[in-house]
Amino acid sequence: MIKILLVSVLSFFILASAGAFEPAEETGIKAREKARDLRQNVKQEVKDTRENIKTEIKETRQNVKEDLKAKRDDFKKTVEEKRMKAKETIEAKRTEFKEKLNKVKDERKRQAVDRINTRLNELNANRINHFLQILDKLDKTLDRIAERIDRAEASGREVSAARTAVAEAENAIASARSAVEAQSGKTYDINITSESAVKNDTGKAREVLHNDLKAVNEAIKAAHEAVKKAATIRHE
């Protein structure tokens, strides 16, 4: 029984070998052809995948850029509106301030206080212009950083840490914009209580402006540091 089984098994292998195996040379050629076809298929799949990733990244980035542009345009429009209202407020308060200024009898002192009062709002306007220029530069710099990250991702590099840093920078810039927007609508006047206290009154008005601008400057500085951090993140 065992012998019959062994013969049957051996016969099976002989038949299988005769029908299934081809000459070694022909088998080697076909194996190489299959390997070559496989490599070509893999290369094509990799290429197609990369192209798809590049297309998706490009489309996503374009949508992000359009969204950011819309937000920037809205921000600039809002700031301009607030500045126009601030100018109207300054003009409206001008008569009231002149009446308070009459408390100062000394002509030279009165003129000096008037100039300082005008200068406070001019200084605020100048600083707002400066802050807007910085924000524009930060926006452009962050755009270039994001585009560089897109290229790195499309080439298969790890960019999650860089993406996080860019998101943090965008949030910091948004906070700075809010600070600038609020500051653009503020006006400053010296509240003259009496001639003897006019120096102290002037100092208080200056201090209020100084503190407000300092707060905005800190927000701008934080945005600058966040963008700088995003620029230094390496892509693995």
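Right above here is the structure, for reference.
The structure displayed is predicted, hence computed values, not measured ones. (Residues numbered from 1 in each chain as written. Predicted model: local features only at pLDDT ≥ 70, side-chain atom pairs only at ≥ 80, totals over all residues. Heavy atoms only, no water.)

Q: What should I look at first to understand the overall build of the chain in this one?
A: Per the secondary structure count, the chain includes 5 helices and 0 strands. Listing the helices and strands of the chain from first to last along the sequence gives α-α-α-α-α. Buried residues in the chain amount to 26% of all 236 residues. Sequence-distant contacts in the chain: of pairs separated by 6 or more residues, those separated by 24 or more amount to 83%. With an accessible surface of roughly 16,400 Å², the chain has 54% of that area assigned to carbon and sulfur atoms. (Helix = DSSP H or I, 4+ residues; strand = E, 2+ residues; numbered from the N terminus. Buried < 20%, exposed > 50% of the residue type's maximum accessible area, 1.4 Å probe, protein only. Contact = heavy atoms within 4.5 Å. Areas by Shrake-Rupley, 256 points an atom, 1.4 Å probe, with all protein chains shown as cover.)

Q: Hey, could you run me through helix α3 (residues 107-154) in this one?
A: Turn by turn, an α-helix covers 3.6 residues, leaving residues three or four places apart pointing in a common direction. Given a rise of 1.5 Å per residue, 48 residues ought to cover 70 Å, and the 71 Å separating the end C-alpha atoms of α3 matches this to within 8%. The N-terminus of α3 is capped by Asp106, whose side-chain oxygen sits 3.1 Å from the backbone nitrogen of Arg108. Immediately beyond the C-terminal end of α3, within one or two residues, lies Gly156, with a positive phi of roughly 95 degrees. (Expected span 1.5 Å × (residues − 1). Polar contact = N/O pair within 3.5 Å; in protein donor to acceptor, adjacent residues only side chain to side chain.)

Q: Help me understand the pattern of salt bridges, please; the structure alone is not making it clear to me.
A: Between side chains of opposite charge, pairing is possible as soon as their charged atoms come close. Throughout the structure, instances matching the rule amount to 15 salt bridges. The salt bridge involving Glu107 is made with Arg110; its shortest N-O contact spans 2.1 Å. Taken together, the residues Glu107 and Arg110, both in helix α3 and 3 residues apart, mark about one turn of the helix. Across the pair Arg163 and Glu153 runs a salt bridge, and its minimum N-O distance is 2.5 Å. Placement of Arg163 in helix α4 (residues 160-184) and of Glu153 in helix α3 is noted, with a sequence separation of 10 residues between them. We classify Arg163 as partly exposed; its relative accessible area is 29%. (Salt bridge = Lys/Arg side-chain N within 4 Å of Asp/Glu carboxyl O.)

Q: Explain the side chain of Ser184 here, please?
A: Relative to the assigned elements, Ser184 resides in helix α4. In contact with Ser184, other than residues within four places in its own chain, are Val79, Lys82, Arg83, Ala86 and Ile128.

Q: I tried to follow the packing of aromatic side chains on my own but got confused; where do I start?
A: In this description, a pair of aromatic rings is defined by centroid distance and the angle of the planes. Evaluation of the coordinates by the stated rule reveals 0 aromatic pairs. Geometry around Phe75 places Arg177 over its ring, the cationic atom sitting 5.8 Å from the centre. (Phe/Tyr/Trp six-rings, centres within 6.5 Å; stacked < 30°, edge-to-face > 60°. Lys NZ or Arg CZ within 6 Å of the ring centre and 35° of its normal.)

Q: Whenever I open this one, the nonpolar core confuses me. Can you help?
A: The tendency in soluble globular proteins is for nonpolar side chains to be buried side by side. In terms of nonpolar packing, the biggest core is built from 39 residues, with Leu142 and Val180 touching the most fellow members. Dropping the residues within four chain positions of it, Leu142 is found in contact with Val166, Ala169, Glu170, Ile173, Val227 and Ala230. (Core = buried A, V, L, I, M, F, W, Y, C linked by side-chain atoms within 4.5 Å.)

Q: I tried to follow the environment of Ala146 on my own but got confused; where do I start?
A: Along the chain, Ala146 turns up in helix α3. Take Ala146: its relative accessible area is 1%, and that puts it in the buried class. As a C-alpha pair, Ala146 and Ala167 span 21 residues in sequence and 9.8 Å in three-dimensional space.

Q: It is not clear to me how the packing of α4 against helix α5 (residues 198-232) should be interpreted in this structure. Could you clarify?
A: Helix-helix packing is described using two parameters, namely the angle between the two axes and the distance between the axes. Relative orientation of the contacting elements α4 and α5 amounts to 160 degrees, with a least axis distance of 8 Å. With respect to their mutual orientation, α4 and α5 come out roughly antiparallel. Read as a crossing pair, α4 and α5 show a hand that is left-handed. Contact residues: α4 offers Ala165, Val166, Glu168, Ala169, Ala172, Ile173, Ala176, Ala179, Val180 and Gln183, while α5 offers Leu209, Asp212, Leu213, Val216, Ala219, Ile220, Ala222, Ala223, Ala226, Val227, Lys229 and Ala230. By residue class, the composition of the contact of α4 with α5 is 18 nonpolar, 1 polar and 3 charged. (Axes fitted to C-alpha atoms, helices over the stretch in contact; angles between N-to-C directions. Parallel < 35°, antiparallel > 145°, perpendicular 65-115°, else oblique. Left-handed = near helix turned anticlockwise from the far one by under 90°. Nonpolar A, V, L, I, M, F, W, Y, C, P; charged D, E, K, R; others polar.)

Q: Looking at this structure, I do not really get the environment of Asn171. What am I missing?
A: Here Asn171 is to be found in helix α4. Residue Asn171 is classed as exposed on the basis of its relative accessible area, which comes to 53%.

Q: Teacher, can you tell me more about the packing of α3 against α4 here?
A: Relative orientation of the contacting elements α3 and α4 amounts to 165 degrees, with a least axis distance of 10 Å. Here α3 lies roughly antiparallel to α4, going by the angle between them. Considering how the two elements wind past one another, α3 and α4 form a crossing that is left-handed. For the contact of α3 with α4, the residue count by class is 15 nonpolar, 3 polar and 6 charged.

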